[in-house]
Amino acid sequence: MKVLVLGAGNVGRAIAWDLREEFEVHVGDVSEERLKAISEFATPVKVNATDFDELVEVMRGFELVIGALPGRFGYRAVRAAIRAGVDMVDVSFMPENPLDLRDAAEEAGVTVIFDAGFAPGLSHILMGRIWQEMDELREGYIYVGGLPKEPKPPLYYRITWSPKDLIEEYTRPARAIRDGEVKAVDPFEEIREVKVGGFEFEAFLSDGLRSLLESVRAGKLEEWTLRWPGHLEKMRILRELGFFRPEHVDKTLEVIAPLMSYESPDFSIMQVLGRGTLDGEEKEIGYLLYDEERDGFTSMARVTGFTAAAVARIVAESGCIFGVIPPEILGMRIDTFTRITGELEERGIKLERWENAPSGDS
């Protein structure tokens, strides 16, 4: 099967590397430098993601497309895949709602699984599994972060993904379910101290629930993004001073991105837990994931790219499910859930499950 990975950045490179032995993998990007870096294990394809017609034409030569572009290009890429009549797995953090394309995908006989990365993505798969195993989910929480093991001042963060998508997390209202209703909250309305996996972090509400807001019924459902202490207050001040406004963000990144670009191995951590009832009794189910940079890939590229690759294998083998599908559906099905988590564990990504009593963290 001919597969096209759109985007030759860290995540796209990890996806292509993971699929290289089973598929004829091509990687599309506008940057010749990035394409050269993947040429040892994939065929480079020069493509401009801002040109819709060019995207459609390129996609028509493939049987499956995997989108690993920055969020601002994601919706256009999904539309192009539907126009080209090719299945797609996408990891971009697009601001638009891909479910709006459901009818178009069904009419075209195309399968699109969106938000198929780490968070959103694996976070949804784990929460979907928890929701499926309970009679009633009263409250659910996602705590997630990708962080440097050796944080450096003044911002105590290292960029391992799209810098503009990072800023988007601090400016986009965070949707959460509270008292059974969807509410939009300022991401910096509350900064709290949390302990996850033995580490102490600060956390802010982030807009990563997305399709979970519609597919999972709960009285309370929230996603909290983790940072090392000292980072969030400085980012809040920059936002309040207007440095994150669209007309200023490029200049702002010219100044702050170098402060978050340094050598330090990164790690990824995620805790997903749900509390509710099963057979009339109180129940808590949780998952704790941990991973570190290794084998030439950042941890964020590993947990995002390898999740997407696992989902891509499922789509490549199914061939009979059409429409736009959120990732939590893969968690609600025990076969696909086991397949994805099993592949991640085979690649050295640690995943621990508990029931009824968490391991001291909440």
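- The chain has the name Saccharopine dehydrogenase related protein in an unreviewed UniProt entry, where Thermococcus cleftensis is given as its organism.

### Considerations on the packing of helix 1 (residues 10-19) against helix 11 (residues 299-318)
Part 1 of the reasoning: In contact at an axis separation of 8 Å, helix 1 and helix 11 are set at 45° when each is read in the N-to-C sense. Put simply, helix 1 runs oblique to helix 11. Of the two possible hands of crossing, helix 1 and helix 11 adopt the one that is right-handed. Between helix 1 and helix 11, the residues in contact are Asn10, Val11, Ala14, Ile15, Trp17, Asp18 and Leu19 and Ala301, Thr304, Gly305, Phe306, Ala308, Ala309, Ala312 and Arg313, respectively.

### Looking at the packing of aromatic side chains
Part 1 of the reasoning: Tallied over the full model, the rule gives 16 aromatic pairs.
Part 2 of the reasoning: Measuring from centroid to centroid gives 5.2 Å for Phe201 and Trp228, while their planes differ by 40°, and the two rings are tilted. Of this pair, Phe201 sits in strand 11 (residues 199-205) while Trp228 sits in the loop between strand 12 (220-227) and helix 9 (232-240), and the two are 27 residues apart along the sequence.
Part 3 of the reasoning: Using a relative accessible area of 2% as the deciding quantity, one classes Phe201 as buried.
Part 4 of the reasoning: With a relative accessible area of 14%, Trp228 lands in the buried category.
Part 5 of the reasoning: Between Phe297 and Phe306, the aromatic rings sit 6.4 Å apart at their centres with planes inclined by 70°, giving edge-to-face as the arrangement. Each member of the pair Phe297 and Phe306 is classed as buried.
Part 6 of the reasoning: Ring-pair connections join several aromatic residues into one group, and the members of that group are Phe199, Phe201, Trp228, Phe267 and Tyr290.
Part 7 of the reasoning: The ring of Phe62 carries the charged tip of Lys2 above its face, separated from the ring centre by 5.0 Å.
Part 8 of the reasoning: Note that Arg129 overlies the ring of Phe337, its terminal NZ or CZ placed 5.8 Å from the centroid.

### Structural notes on the pattern of salt bridges
Part 1 of the reasoning: Evaluation of the coordinates by the stated rule reveals 35 salt bridges.
Part 2 of the reasoning: Across the pair Arg129 and Glu133 runs a salt bridge whose closest N-O atoms are separated by 3.0 Å.
Part 3 of the reasoning: Take Arg129: its relative accessible area is 7%, and that puts it in the buried class.
Part 4 of the reasoning: Of the residues examined, Glu133 reaches a relative accessible area of 23% and is grouped as partly exposed.
Part 5 of the reasoning: With its nearest N and O atoms 2.9 Å apart, the salt bridge here joins Arg239 to Asp186. Linking Arg239 in helix 9 with Asp186 in the loop between strand 9 (181-185) and strand 10 (191-196), this pair joins segments that are 53 residues apart in sequence.
Part 6 of the reasoning: Residue Asp186 is classed as partly exposed on the basis of its relative accessible area of 34%.
Part 7 of the reasoning: A cluster of three or more residues bridged by salt bridges with shared partners is formed by Asp18, Glu22, Arg313, Glu317, Arg339, Glu343, Glu346 and Arg347.

Definitions and limits used
Residues numbered from 1 in each chain as written. Predicted model: local features only at pLDDT ≥ 70, side-chain atom pairs only at ≥ 80, totals over all residues. Heavy atoms only, no water. Axes fitted to C-alpha atoms, helices over the stretch in contact; angles between N-to-C directions. Helix = DSSP H or I, 4+ residues; strand = E, 2+ residues; numbered from the N terminus. Parallel < 35°, antiparallel > 145°, perpendicular 65-115°, else oblique. Left-handed = near helix turned anticlockwise from the far one by under 90°. Contact = heavy atoms within 4.5 Å. Phe/Tyr/Trp six-rings, centres within 6.5 Å; stacked < 30°, edge-to-face > 60°. Buried < 20%, exposed > 50% of the residue type's maximum accessible area, 1.4 Å probe, protein only. Lys NZ or Arg CZ within 6 Å of the ring centre and 35° of its normal. Salt bridge = Lys/Arg side-chain N within 4 Å of Asp/Glu carboxyl O.

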